[in-house]
Number of protein chains: 2
Amino acid sequence: MVKIAMDLLKEGKIDEKTVLRRMEAEKLDELLHPVFDPSAAKTAKVVAKGLPASPGAATGHIVFFADDAEEWAKRNKKVILVRLETSPEDLRGMTVAQGILTARGGMTSHAAVVARGIGKCCVSGAGDILVDYRAKTVEMSGKVYKEGDYISLNGSTGEVYEGLVPTVMPDMSGDFAAVMKLADKYTKMDVYTNADSPRDARVARKFGAHGIGLCRTEHMFFEGDRIKAMREMIIAPDEPSRRIALAKLLPLQRGDFEGIFEAMDGYEVTIRLLDPPLHEFVPHQLATQKELAEQVGMTLDEVKQICSNLEEFNPMLGHRGCRLGNTYPEITEMQARAIIEAALNVQERGVTVHPKIMVPLVGVLKEIELQAEIINRTAQQVFAERGKTVAYKIGTMIEVPRAALVADQIAKVADFFSFGTNDLTQMTFGYSRDDAPKFLGFYKKLGIIKTDPFAVLDREGVGQLVEMGTLKGRQTKPDLNVGICGEHGGEPSSVKFCARLGMNYVSCSPYRVPIARVAAAQAAVEG
Amino acid sequence: MVKIAMDLLKEGKIDEKTVLRRMEAEKLDELLHPVFDPSAAKTAKVVAKGLPASPGAATGHIVFFADDAEEWAKRNKKVILVRLETSPEDLRGMTVAQGILTARGGMTSHAAVVARGIGKCCVSGAGDILVDYRAKTVEMSGKVYKEGDYISLNGSTGEVYEGLVPTVMPDMSGDFAAVMKLADKYTKMDVYTNADSPRDARVARKFGAHGIGLCRTEHMFFEGDRIKAMREMIIAPDEPSRRIALAKLLPLQRGDFEGIFEAMDGYEVTIRLLDPPLHEFVPHQLATQKELAEQVGMTLDEVKQICSNLEEFNPMLGHRGCRLGNTYPEITEMQARAIIEAALNVQERGVTVHPKIMVPLVGVLKEIELQAEIINRTAQQVFAERGKTVAYKIGTMIEVPRAALVADQIAKVADFFSFGTNDLTQMTFGYSRDDAPKFLGFYKKLGIIKTDPFAVLDREGVGQLVEMGTLKGRQTKPDLNVGICGEHGGEPSSVKFCARLGMNYVSCSPYRVPIARVAAAQAAVEG
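### As for the packing of aromatic side chains
All names here are of chain B.
- Summed over all chains, the structure comprises 20 aromatic pairs over all chains.
- Between Tyr192 and Tyr505, the aromatic rings sit 4.5 Å apart at their centres with planes inclined by 15°, giving stacked as the arrangement. Of the two residues, Tyr192 sits in strand E14 (residues 190-194) while Tyr505 sits in strand E21 (residues 505-508), which places them 313 residues apart along the sequence.
- Residue classification places Tyr505 among the buried positions, given a relative accessible area of 1%.
- With 5.3 Å between their ring centres and 75° between their planes, Tyr431 and Phe439 make a pair best called edge-to-face.
- In this structure, Lys206 is placed above the aromatic ring of Phe207, and the distance from its NZ or CZ to the ring centre is 5.4 Å.
- One Lys or Arg, Lys356, reaches over the ring of Phe416 and ends 4.5 Å from the middle of that ring.

### Points about the packing of helix H14 (residues 329-348) of chain A against helix H15 (residues 365-386) of chain A
Residue and element names in this part refer to chain A.
- The geometry of H14 relative to H15 is characterised by a closest axis approach of 9 Å and an angle of 40° between their N-to-C directions. With respect to H15, the axis of H14 lies oblique. The handedness of the crossing between H14 and H15 is right-handed. Packed against H14, whose contacting residues are Pro329, Thr332, Glu333, Ala336, Arg337, Ile340, Glu341, Leu344, Asn345 and Glu348, the element H15 presents Gln371, Ile374, Ile375, Arg377, Thr378, Ala379, Gln381, Val382, Phe383, Glu385 and Arg386 at the interface.
- Counted by class, the contact of H14 with H15 contains 9 nonpolar, 5 polar and 7 charged residues.

### Description of the state of the cysteines
- Following the criterion strictly, the structure yields 0 disulfides over all chains and no others.
- Note on A:Cys498: no disulfide assigned, nearest cysteine sulfur contributed by A:Cys485 at a separation of 11 Å.

### Focus: helix H14 (residues 329-348) of chain B
All names here are of chain B.
- Helix length check: H14, at 20 residues, gives a terminal C-alpha distance of 29 Å against a target of 28 Å (1.5 Å per residue), a fit within 8%.
- Among the 20 residues of H14, 16 are classified as buried, and the element is accordingly described as predominantly covered.
- Trailing H14 by a residue or two, Gly350 shows a phi angle of about 90°, which is positive.

### As for the relation of the copies chain A and chain B
- Structural alignment of chain A on chain B gives an RMSD of 0.1 Å, achieved by rotating through 180° and translating 0.0 Å along the axis. Both chain copies can therefore be described as sitting about a two-fold axis. Closest approach to the rotation axis within chain A is made by the C-alpha atom of A:Asn314, at a distance of 2.2 Å.
- Most of the interface of chain A is mirrored in chain B, where 98% of its interface residues are also at the interface.

### Thoughts on the sheet that holds strand E3 (residues 51-54) of chain B
Residues and elements named next belong to chain B.
- In space, the 8 strands of this open sheet follow the order E2-E12-E11-E4-E5-E6-E7-E3, with mixed pairing throughout. Edge positions in the sheet fall to strand E2 (46-49) and E3, since each of these pairs with one other strand and no more. For this sheet, the mean inter-axis angle between neighbouring strands, taken without regard to orientation, is 30°.
- Inspection of the sheet shows strand E4 (residues 57-63) paired to strand E5 (residues 79-83) by 3 bridges, in the parallel sense.

### A word on the interface of chain A and chain B
- Taken together, the contact pairs 48 residues of chain A with 47 residues of chain B.
- Where chain A abuts chain B, roughly 4,300 Å² becomes buried across the two surfaces, and 57% of that area is made up of carbon and sulfur atoms.
- Among the residues chain A hides against chain B, the three largest losses belong to A:Asn314, A:Leu317 and A:Arg402. Together they make up 14% of the total.
- The tally of links between chain A and chain B comes to 4 salt bridges.
- Residue B:Glu460 pairs with A:Arg402 through a salt bridge whose shortest N-O separation is 3.5 Å.

### Focus on the pairing of strand E15 (residues 211-216) of chain A
Residues and elements named next belong to chain A.
- With 5 of 6 residues buried, E15 is to be regarded as a mostly interior element.
- For the segment spanning strand E14 (residues 190-194), helix H8 (residues 198-206) and E15, crossover handedness is right-handed.
- Both E15 and strand E16 (residues 268-272) contribute to a ladder of 4 bridges, which runs parallel. Along E16, the bridge assignment pairs Arg216 with Arg272.

### Quick notes on the pairing of E5(B)
Residues and elements named next belong to chain B.
- Of all 5 residues in E5, 5 are buried; the element is thus mostly enclosed.
- Of the two faces of E5, the one holding Val79, Leu81 and Arg83 and the one holding Ile80 and Val82 are both buried throughout.
- Taken together, E4, helix H4 (residues 66-74) and E5 constitute a β-α-β crossover, and its handedness is right-handed.
- Two strands pair when backbone bridges link them, and E5 and strand E6 (residues 99-102) are joined in this way by 4 bridges, in the parallel orientation. Across the sheet, residue Ile80 finds its bridge partner in E6, namely Gly99.
- A crossover connection joins E5 to the parallel E6 through helix H5 (residues 91-96); in handedness this β-α-β unit is right-handed.

### A few points about the sheet that holds strand E10 (residues 143-146) of chain A
Residue and element names in this part refer to chain A.
- In space, the 3 strands of this open sheet follow the order E8-E9-E10, with antiparallel pairing throughout. With one partner strand each, in any of the chains shown, strand E8 (130-132) and E10 form the two edges of the open sheet. Neighbour to neighbour, the strand axes of the sheet diverge by 20° on average, direction disregarded.

### Examining the packing of helix H9 (residues 226-235) of chain A against helix H10 (residues 239-263) of chain A
Residue and element names in this part refer to chain A.
- Interhelical geometry of H9 versus H10 gives an angle of 145° and a closest axis separation of 8 Å. You can see that H9 and H10 cross each other, and the crossing is left-handed. In contact with Arg226, Ala229, Met230, Glu232 and Met233 of H9, H10 contributes Arg242, Ile244, Ala245, Leu246, Lys248, Leu249, Leu252 and Asp256.
- Of the residues belonging to the contact of H9 with H10, the class tally is 8 nonpolar, no polar and 5 charged.

### Observations regarding the environment of B:Leu9
- Relative to the helices and strands, B:Leu9 resides in helix H1 (residues 2-10).
- Linking B:Leu9 and B:Ile340, residues 331 residues apart in sequence, is a C-alpha distance of 48 Å.

### Re the nonpolar core
- Residues A:Phe261, A:Tyr431, B:Phe261 and B:Tyr431 are the most contacted members of the largest nonpolar core, which totals 259 residues.
- In this structure A:Tyr431 touches A:Gln426, A:Ala436, A:Phe439, A:Leu440, A:Tyr443, A:Ile449, A:Pro453, A:Phe454, B:Leu317, B:Arg323, B:Val364 and B:Glu367, once residues within four positions along its chain are discounted.

### Brief notes about helix H8 (residues 198-206) of chain B
Residue and element names in this part refer to chain B.
- Taken as a whole, H8 has its buried residues at Asp200, Ala201, Val203 and Ala204. All buried residues of H8 lie within an arc of 160° about the axis, which places them on one face of the element. Opposite the packed face of H8, turned more than 90 degrees from it, sit the exposed residues Arg202 and Lys206.
- Check the buried side of H8 and you find it contacts helix H6 (110-118), E14, strand E15 (211-216) and helix H10 (239-263).
- Looking one or two places after H8, you find Gly208, whose phi comes out positive at around 100°.

### Comments concerning the pattern of salt bridges
All names here are of chain A.
- Considering all chains together, one arrives at 87 salt bridges over all chains under this definition.
- Arg512 is the salt-bridge partner of Glu26, the closest N and O atoms lying 3.0 Å from each other. Of the two residues, Glu26 sits in the loop between helix H2 (16-22) and strand E1 (35-36) while Arg512 sits in the loop between strand E21 (505-508) and helix H22 (513-526), which places them 486 residues apart along the sequence.
- We classify Glu26 as partly exposed; its relative accessible area is 37%.
- You can call Arg512 buried: its relative accessible area is 17%.
- Lys136 is paired through a salt bridge with Asp68; the nearest N and O atoms lie 2.9 Å apart. Taken together, the positions of Lys136 in the loop between E8 and strand E9 (137-140) and Asp68 in helix H4 (residues 66-74) put the pair 68 residues apart, joining distant regions of the chain.
- The exposure class of Lys136 is partly exposed, given its relative accessible area of 27%.
- The buried category is assigned to Asp68, whose relative accessible area is 15%.

Rules used in this analysis
- Residues numbered from 1 in each chain as written.
- Chains lettered and ligands numbered in written order.
- Predicted model: local features only at pLDDT ≥ 70, side-chain atom pairs only at ≥ 80, totals over all residues.
- Heavy atoms only, no water.
- Phe/Tyr/Trp six-rings, centres within 6.5 Å; stacked < 30°, edge-to-face > 60°.
- Helix = DSSP H or I, 4+ residues; strand = E, 2+ residues; numbered from the N terminus.
- Buried < 20%, exposed > 50% of the residue type's maximum accessible area, 1.4 Å probe, protein only.
- Lys NZ or Arg CZ within 6 Å of the ring centre and 35° of its normal.
- Axes fitted to C-alpha atoms, helices over the stretch in contact; angles between N-to-C directions.
- Parallel < 35°, antiparallel > 145°, perpendicular 65-115°, else oblique.
- Left-handed = near helix turned anticlockwise from the far one by under 90°.
- Contact = heavy atoms within 4.5 Å.
- Nonpolar A, V, L, I, M, F, W, Y, C, P; charged D, E, K, R; others polar.
- Disulfide = S-S within 2.5 Å.
- Expected span 1.5 Å × (residues − 1).
- Least-squares fit on C-alpha atoms with pLDDT ≥ 70 in both.
- Pairing = 2+ DSSP bridges.
- Buried area = accessible area lost by both parts, 1.4 Å probe.
- Salt bridge = Lys/Arg side-chain N within 4 Å of Asp/Glu carboxyl O.
- Right-handed = clockwise from strand over helix to strand, strands pointing away.
- Core = buried A, V, L, I, M, F, W, Y, C linked by side-chain atoms within 4.5 Å.
- Arc of directions from axis to C-beta.

In structure tokens:
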């Protein structure tokens, strides 16, 4: 497709705009990931089939636990992480693996979403495979595979192959690069990326991202020993003890931000303050609870009690986002300090830094007012301590329906809006992303919904709130910077919708950046 | 207040409209529930304090389990149900008790909401009491009370007294009745009630309700042996087995509806189809799971597996409401048949019946289209079988934000809208009613919210959706019947908001009906 269009352009048979119009943006995805060597794939044996949850081809040794994945990776072995399903605790294992295979979960399960986010191949919901964690085996098509055996995944088709199938890397120069150049020439909207690490940031820059639209800070708390300080903070009985634990986290966060700022030298970096409910961080297994009790000098029962008190009936609608930052202002303080100190540090090293601090889950004006107060106060303190300043912006996610409804008020305080269309879709439809797969498949068959609203932005419903939020926000602040982050930022028709609304940017997974660039340009040339 | 105003009216010092304007509607609540004999309350000993979750005074023997409450009630003993917290399984116990005391949970906990709904006195979240289920004791102020000991609750203050404190019944004739008559003279909006049983319906009629705006059908499935048939239906492996279990439920549901139709002779009765997620009905204890396995001829492991598969991460946003009726159309079919057959049966007995069938949790036009198809087809079948017909209406709850946004579409099919402002508030704010108490108290202290949005309708945010839904719905269908059900339907300022929007009715708990009548009249006279 790319080659044909560029050839016609060179021959003068079509013009540049026509080249862009002819691109099927979604198909570009195939050009951005490794694929199986066609001759090898032909003879490979398919042993299971799941959902094509994240594209690309991957091959490696089977491992069943995140820790094992890291162990094997340290010895320079390529691994495929095989799980019943994944949880945030598996993130490190997913990051070092070539691909992920799960027995349960849909296209929007944890495994699928994270894999797409980090550009890993993933096959999810392979319901016929039998995973035995204790024996470290997986049975597929009647045969038992053990840890260390080779398998290969095709994340674009959902097929699982026995043994090692060689992969080839895509070529992103030549015609592909030329099309991207055309896209940038015609687009009126920028493309940012969602990236939580310098590595992701670098990949996204390579793909043409002009900034980070969403840097989640929570992933940083799971790495290595950090989770211990995080847990210590969470179960601390009072503010002073919380501050002691937060002080341990501060230098780690600051270091993370420095790395990301450096990788994005010259570009905006939007950092979202802590978002998930705290119970996602506490241990749920007896052994780890015991360890935590010893670490902080509490009894096991006390630790158990705190962990169980943190549990929620509907965590999605619970004590999270800026509700944490407002009930525990010292968390926001630590994060604001880490961001500002990191910005000053890299600035001293000659890096051009544009930090944007993003407050999650705002629904009421006063929520962001209070958070902005904390951030500004902390920034002034750091500036005074260091005798230097750096420009920064404060904005918010618009992800709770109420935020879109009162966007005119919120824009009084916010310098920018980023529509968190994942959560906004959950709440506008009343669909839990984790639970909806149980009926969404059926809903598609019945014709109730035409496309998965978590994949393609629902123009009729959620889109009304996005439009309303944008208009009301700019009513108060005409130059309000508006973008979206979340899965929709990399889906062509949703990107076009955002472009037509006059958004400043969309932000998407690094591997979706080229797709978004083309879609944004198409919206501009299609008018 | 009532007496003074009526005296002034009789003396010709104020006019009728001024009488209404002077009523503090909320204060009428005190006139509708039993209160403690003032002299006895003075000498009674307060042993604990919780939240004033549901008004009134109650006195009785302590019991700790719903089953025990029923046992004692059968022997004509008055009981107070004492629990850590309540769940839907406790409903029968709550219904027969005089009052409910819980150690955990806020003003919107299960115990509080259900108690207000059924007009029971309730003190919730009495954090200092120590409940020991195994020993059947509760420790309060250092003293241990056992099953059978007397305690007394003041649901209007949250106080718990030792021993039996005598109560007196309110007087609802005289001036009170005169004020109510004035309210009906001036109001432009009707007041309906939320009632799930003939008993509730009769209480509400006595208080002046002109119809039922919300009859929940799920409570009916917990009573006595019915839960067994319900569970059999849920764990049935296929449609034919589901139909066998549903056939057992049909006559029971039909009987319930007949009772309610009779109690509401001449008035509209709005019946909501099954709403909660199915896992609320399955057993979570080993003993009951074993029992169920034997009942249906499955292994314990199979039953356990099914129950655990039904669990959800965010049940509030899960497989519930019309999502059930659309994935299991045979459930809607059974309920529609029960409603239509019951209506024909009571009509034959000379009762004037106006059934309204309400589809819950609609967010997409096609959802109600499919449900209406099933209901209409079933009604036609029953009419053909019986050679008789009855008029009925089909409508929907507007409780998912998306429903308000696409109300113009939904009104093509719906004869009426009922705003389910409890769920609409949950999703518009992103607040889980069960989890939000953890931070809402703090949010009030910080001034982020001024009033609990589950108690007082949030005009700025949720109110926009209510207004939008009403306007868009009537754009399509100018004579669309519009009301609200849920807690807000009995809260004076919210009732006035609905009246000003031009709603046809509000629906509230039986004991809130007089308050809503006065508030609705005030909106009319205040203009």
